[in-house]
Amino acid sequence: MKIYGVALLSFCFLLGKLLGTLLGKIIDVNGDVGGVGFAMLLLILINAWVNKKGGLEIETKEGILFWSGMYIPIIIAMAATQNVKAALSGGPVAIVAGSVVTLSAFYIVPLLSRIGRGQTKTDKDE
Amino acid sequence: MSEILSQLIEKNGLLFSFLFVGIIMWVSFKISKTLLKNKIPGVALAVILGLTLAFLGDKKGIADLSLFSGMAFFGGSMLRDFAVVATAMGADINKIRSAGLVGVISLFIGVFWSFTIGVICAYFLGYTDPASLATIGAGACTYIVGPVTGSALGVSSEIIAISIAAGVVKTIVATVGTPLLANYMKLNNPHAAIVFGGLIGTTSGVTAGLAATDPKLVPYGALTATFYTGLGCLLCPSLFYYLLRIVLNG
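Keep in mind that what you see is a predicted model, and the values were worked out from it rather than measured.

K.L.:
Talk me through the overall build of chain A; I want residue IDs and the actual numbers.
P.N.:
A tally of helices and strands in chain A yields seven helices and zero strands. When its helices and strands are written in sequence order, chain A yields α-α-α-α-α-α-α. Looking at chain A residue by residue over its 126 residues, the buried ones come to 43%.

K.L.:
Describe the domain arrangement of chain B, with residues and values.
P.N.:
All names here are of chain B. Segmentation of chain B into domains returns domain 1 (2-73) and domain 2 (92-249). Taken over C-alpha atoms, the centre of domain 1 sits 26 Å from the centre of domain 2. Listed per partner, the contact involves 10 residues of domain 1 and 11 residues of domain 2. When grouped by side-chain class, the residues that make up the side of domain 1 that touches domain 2 number seven nonpolar, one polar and two charged.

K.L.:
Could you give an account of the nonpolar core, naming the residues involved and the relevant values?
P.N.:
The biggest cluster of nonpolar side chains holds 121 residues, and the ones touching the most others in it are Val85(B) and Ile136(B). Examining the composition of this core, we find that 14 residues originate from one element, helix H12 (residues 218-249) of chain B, more than from any other. Residues within four places of Val85(B) in sequence aside, it is in contact with Leu9(A), Cys12(A), Phe13(A), Gly16(A), Val36(A), Ala39(A), Met40(A) and Leu43(A).

K.L.:
Go over the interface of chain A and chain B, please, and point to the residues and values.
P.N.:
It is common to give the size of an interface as the accessible area that goes away when the parts come together. The partner chain B presents 91 residues to the 73 residues of chain A that form the contact. Mapped by element, the contributors of at least two residues to the side of chain A that touches chain B are helix H1 (2-26), helix H2 (35-52), helix H3 (58-69), helix H4 (71-80), helix H5 (84-89), helix H6 (93-112) and helix H7 (117-125) of chain A. Considering every element that reaches the side of chain A that touches chain B, the biggest residue donor is H6(A), with 18 residues.

K.L.:
Quick rundown of the environment of Gly31(A)? Include the residues and the values.
P.N.:
On the secondary structure map, Gly31(A) appears in the loop between H1 and H2. Once the C-alpha coordinates of Gly31(A) and Gly20(A) are considered, the two residues, 11 residues apart in sequence, prove to be 7.9 Å apart. Excluding residues within four positions of it along the chain, Gly31(A) makes contact with Gly24(A), Ala152(B), Leu153(B) and Gly154(B).

Basis of the calculations
Residues numbered from 1 in each chain as written. Chains lettered and ligands numbered in written order. Predicted model: local features only at pLDDT ≥ 70, side-chain atom pairs only at ≥ 80, totals over all residues. Helix = DSSP H or I, 4+ residues; strand = E, 2+ residues; numbered from the N terminus. Buried ≥ 20, exposed ≤ 12 C-beta atoms within 10 Å, placed from the backbone. Domains from an automatic or database assignment. Contact = placed C-beta atoms within 7 Å. Nonpolar A, V, L, I, M, F, W, Y, C, P; charged D, E, K, R; others polar. Core = buried A, V, L, I, M, F, W, Y, C linked by C-beta atoms within 7 Å.

Next up, the structure:
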């Protein structure tokens, strides 16, 4: 049933958020620290573990995949509900940060590509 | 009639927001495909359109208009985080293995680099408190990592909007810049595409940029890029924020 998937997703979400909040308490930050990341990690691990035993049922998977598909629409709704007027009065920081980060990362690509180049090729030959 | 209609919509705000966002996406993807020939991804266009629509309101963007109040819940942090977690379903541990060591290294360097450079940019443009800096730095990773970090650290909607915008700029620069700089990056083999995906990370920008360079490279870049946002959501509001506070206080 689809609800099993949604329930599993909720379980990972809540447990992840709990871990994040506890971590926040430990490092003295008010709020949840990395909760979403923990929840994702949890889902990946549970999924991998279940896959070894034959995998989740299709219906269960669909319950999760539906929410994964709603990700972009939610991001758009989120963008439409931000305080953009105030953000714009903050000046060019978004444009500067976004461009500098991306262009500078381009320049690291050829440097990092040197690592393990032969290895990937042999992987492909297999 | 119009009063009946507006009452109906206000009562069913969330459902109306589904319809409304659906229309935004349909229009954006049409424009991206026909007018822009996929040069700018439909997703980036839709986010830009969303940010533009937010100008119709004030603090809560378009949700300040009662007709669109459902947008606040649809785009609120609960459903957003829920959907972000759901995307991990597509992550396959075997795929991580096939990306190999270089994929993992480039992912970590990519997230760290974007965060650090983003923070430095924001610092020089006058932001000094660690939570705002971390949010903008996280936004320079992707337009998801920014808001996730921002709401975890409790910053204002203004800073979150900046972080989304930074992520969108990144997507566009990646899309337009990748084919132009592909030769310099020696971006002509799967190995380089895996590194590229891990370093840039913004999935729509990586896939669109690679598609414009050489469509055969898209799956390799997407392979690492799909893990980027998750890693960013894990590291930015926790370890990186923690380190940032130490650096700023020290």
